[in-house]
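Analysis of the macromolecular model
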Amino acid sequence: MPLFSRRYPGRPPVAFTFSHATNGAFSMTLRTDSARALWVSWGDGSALEKWNVTASDTVVSHTYPSAASKVVIVSGAPRWITKLDLGAMVVFGLDVSGLMGLTYLQATGIGNTITGSVAALTSLTYLYVLGNNTLSGSVAGLTSLITLTVFGINTLSGSVAGLTGLTFLAVFGNNTLSGSVTALTGLTNLEVLGSNTLSGSV
C-alpha cells in the first residue's frame with residue numbers, strides 16, 4: 001500500500017522514519033496555499049494515517065502511546081515545512097537540504113541520523129539536533145538563528161561573526177567554524193569542539 005496517493009511532478013516528497021521506545025509526540029507546521037494541497041501520511045504498514053492539508057498554516061501532530069516505528073511522508077513542496085518538532089524520537093533519513101522554509105527544527109533523540117546542507121536554510125531561527133548527524137554547509141548566511149545546537153559528526157563551516165542574534169551556540173563534530181564572536185553579545189552559552197578557528201571575546 002502506498003503511503004500517499006497524490007504526487008506532484010517535479011516536487012519530490014520529504015520522507016523519513018522516526019521511532020521511539022516509549023510514548024512520543026510528533027508535531028509539524030506546514031504552509032500551503034489554495035492552489036496546492038499537501039498530503040501528509042504516516043504509518044507502519046499495518047496502520048496508516050493521512051491528512052490533506054489545505055489551510056495556510058496547519059499544525060499536524062500526533063502522540064503515539066507505545067513503542068513504534070513510523071514512516072512520515074509529506075508530498076508537495078518540501079520548502080513548505082516551517083516547523084518540525086520531533087522531541088526525543090529517533091529520526092532516520094531526514095535530509096534537510098531542501099527544507100528552505102524551515103524556521104524551527106528540534107530532534108533530541110540521541111540516535112538521530114539527520115543529513116544535508118544547512119546553507120540554504122536562511123529562515124532558521126532554532127536548530128537543535130542530537131545524534132549521529134552529518135549536517136554540512138556554511139552557517140554564515142543563517143542570520144536569523146537564535147539557537148544553534150548540533151551534536152554528531154557534522155562538518156559545518158563558515159563565519160559566525162554575522163550571527164548577532166545567537167543566544168545559544170553548541171556545536172560538536174568536525175566543524176570548521178570561523179570568525180569573531182565579539183559581536184555576539186546576546187550569547188548565554190558557547191560550547192564549540194572541533195577544528196574551529198573562532199576568535200574574539202564575549
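Since this is a predicted model, take the numbers as computed values, not measurements. (Residues numbered from 1 in each chain as written. Predicted model: local features only at pLDDT ≥ 70, side-chain atom pairs only at ≥ 80, totals over all residues. Heavy atoms only, no water.)

Here's the deal with the pairing of strand S11 (residues 126–138)
Note the following rule: The rule for pairing is simple: two strands pair if DSSP sees at least two bridges between them. Numbering goes from the N terminus for both helices and strands, where a helix is a DSSP run of H or I of at least four residues and a strand is a run of E of at least two.
Bridge analysis of strand S9 (residues 104–107) against S11 gives four bridges, and the strand direction is parallel. Considered in S11, the bridge of Tyr104 is made with Tyr126. Bridging between S11 and strand S12 (residues 147–159) involves eight bridges; their strand directions are parallel. What sits directly across from Gly137, in S12, is Leu156.

Quick notes on the nonpolar core
To keep things clear, this is the line we draw: Nonpolar core, defined: a set of buried Ala, Val, Leu, Ile, Met, Phe, Trp, Tyr and Cys residues in which side-chain atoms within 4.5 Å join the residues together. Think of it in three bands: with a 1.4 Å probe and only protein chains considered, a residue is buried below 20% of the maximum accessible area for its type, exposed above 50%, and partly exposed in between. By the convention used here, residues are in contact when the closest approach between their heavy atoms is within 4.5 Å.
Formed by 48 residues in total, the largest nonpolar core has its most connected members in Phe16 and Phe26. Ignoring sequence-local partners within four residues, the contact set of Phe26 consists of Phe16, Phe18, Trp42, Val60, Ser61, His62, Val72, Leu84, Asp85, Leu86 and Met89.

A word on the pairing of strand S1 (residues 14–20)
Within S1, five of the seven residues are buried, which leaves the element mostly enclosed by the surrounding structure. Across three bridges, the pairing between S1 and strand S8 (residues 90–95) is antiparallel. Note that in S8 the partner of Phe18 across the bridge is Val91.

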